[in-house]
Amino acid sequence: MRIKLLTLILGVVFSVAATAQELSQFIIVDQFGYLPGVQKIAILKDPQVGFDSDTSYSPGSVFHVVNARTGEKVYSGSITSWNGGNTDPSSGDKAWHFDFSDFSQPGSYYILDEENGLRSYEFDIANNVYNDVLKQAMRMFFYQRVGFAKEAPYAEEGWTDGASHIGPLQDKNCRSFFDKGNPDTEKDLSGGWYDAGDYNKYTNWTAHYVIGMIKAYSEKPGAWGDNYNIPESGNGLPD
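About the thresholds
Residues numbered from 1 in each chain as written. Predicted model: local features only at pLDDT ≥ 70, side-chain atom pairs only at ≥ 80, totals over all residues. Heavy atoms only, no water. Phe/Tyr/Trp six-rings, centres within 6.5 Å; stacked < 30°, edge-to-face > 60°. Helix = DSSP H or I, 4+ residues; strand = E, 2+ residues; numbered from the N terminus. Buried < 20%, exposed > 50% of the residue type's maximum accessible area, 1.4 Å probe, protein only. Lys NZ or Arg CZ within 6 Å of the ring centre and 35° of its normal. Pairing = 2+ DSSP bridges. Expected span 1.5 Å × (residues − 1). Arc of directions from axis to C-beta.

1. Some details on the packing of aromatic side chains
1) Next: In total, this model carries 19 aromatic pairs according to the counting rule given.
2) Next: For the ring pair Phe63 and Phe98, a centre distance of 5.8 Å and an interplane angle of 40° mean the geometry is tilted. Of the two residues, Phe63 is situated in strand 4 (residues 63-67) and Phe98 in strand 7 (residues 93-99); the sequence distance between them amounts to 35 residues.
3) Next: Judged by relative accessible area, which is 0%, Phe63 ranks as buried.
4) Next: Both rings, one in Tyr194 and one in Tyr199, keep their centres 5.2 Å apart while their planes meet at 55°; by these two values the pair is tilted.
5) Next: For Tyr199, a relative accessible area of 62% puts it in the exposed group.
6) Next: An aromatic cluster is defined as three or more aromatic residues linked by ring pairs; in this entry it consists of Tyr34, Phe63, Tyr75, Phe98, Phe100, Phe103, Tyr109 and Phe123.
7) Next: Its guanidinium or amino end placed over the ring of Tyr110, Arg119 lies 3.9 Å from that ring's centre, counting from NZ or CZ.
8) Next: Stacked on the ring of Phe148, the Lys or Arg Arg145 has its end atom at 4.8 Å from the ring centre.

Written as structure tokens, this is what we have:
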């Protein structure tokens, strides 16, 4: 009973502490996450020019990496001013780096500016932080398929639709733009992907996509799963 009560009290304490720290637009982390052994940097910004120049931020002198589950400060360090404190002309911000590369313990964390009571969004440190990013990036090609119905369970709620451009004189029997009345010019040009959210299809862009994916697979075949929730998933071949 005492253990349960202590756990409840600690949970309340951590909850109150977390809510007391305001999420900040000025403390920027990689929300995809960080691999344990790579460089890990949080960016701090003070807007000078641009749409958010009416806001400002003066970072504290010490920053912490905080375990998002326990509230424990697991790493602390100072920040480094970017380019001698000059404003970056491309972003319109003054910037600082908080380098916490020396910390590599897997888990969920956030960056804390304790002096200002500000914190970053949560991020993970793990060996698999890019797995879901890769999966969702590849699922984009499923949603971009031409002439293919996007249905459950492969398409999430709100993103289902029927196959498009499969009517008369559309993708399966395209005719020459310069001789539309001539059925001898008909070709089946169905399949492929839409480009950039519009209804265009380009063979040169498609070639780039295919070559890029083949190169990526050849360099690291073990990174590609057969579980991306597309109709071909589970067939023993990487999706």
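There is more to say after this.
2. Observations regarding the sheet that holds strand 3 (residues 41-47)
1) Next: Read from one edge of the open sheet, 4 strands run 2-3-7-6, paired in antiparallel fashion. This sheet does not close on itself; its edge strands, each paired only once, are strand 2 (27-28) and strand 6 (80-81).
2) Next: Relative to strand 7, strand 3 is paired through 7 bridges, and the arrangement is antiparallel. Within the sheet, the bridge partner assigned to Ile43 lies in strand 7 and is His97.

3. Let's talk about helix 2 (residues 131-143)
1) Next: Between its first and last C-alpha, helix 2 extends 19 Å over 13 residues, near the 18 Å set by a 1.5 Å rise per residue.
2) Next: Within helix 2 the residues assigned to the buried category are Met138, Arg139, Phe141 and Phe142. One side of helix 2 carries all its buried residues, which in axial view fall inside an arc of 140°.

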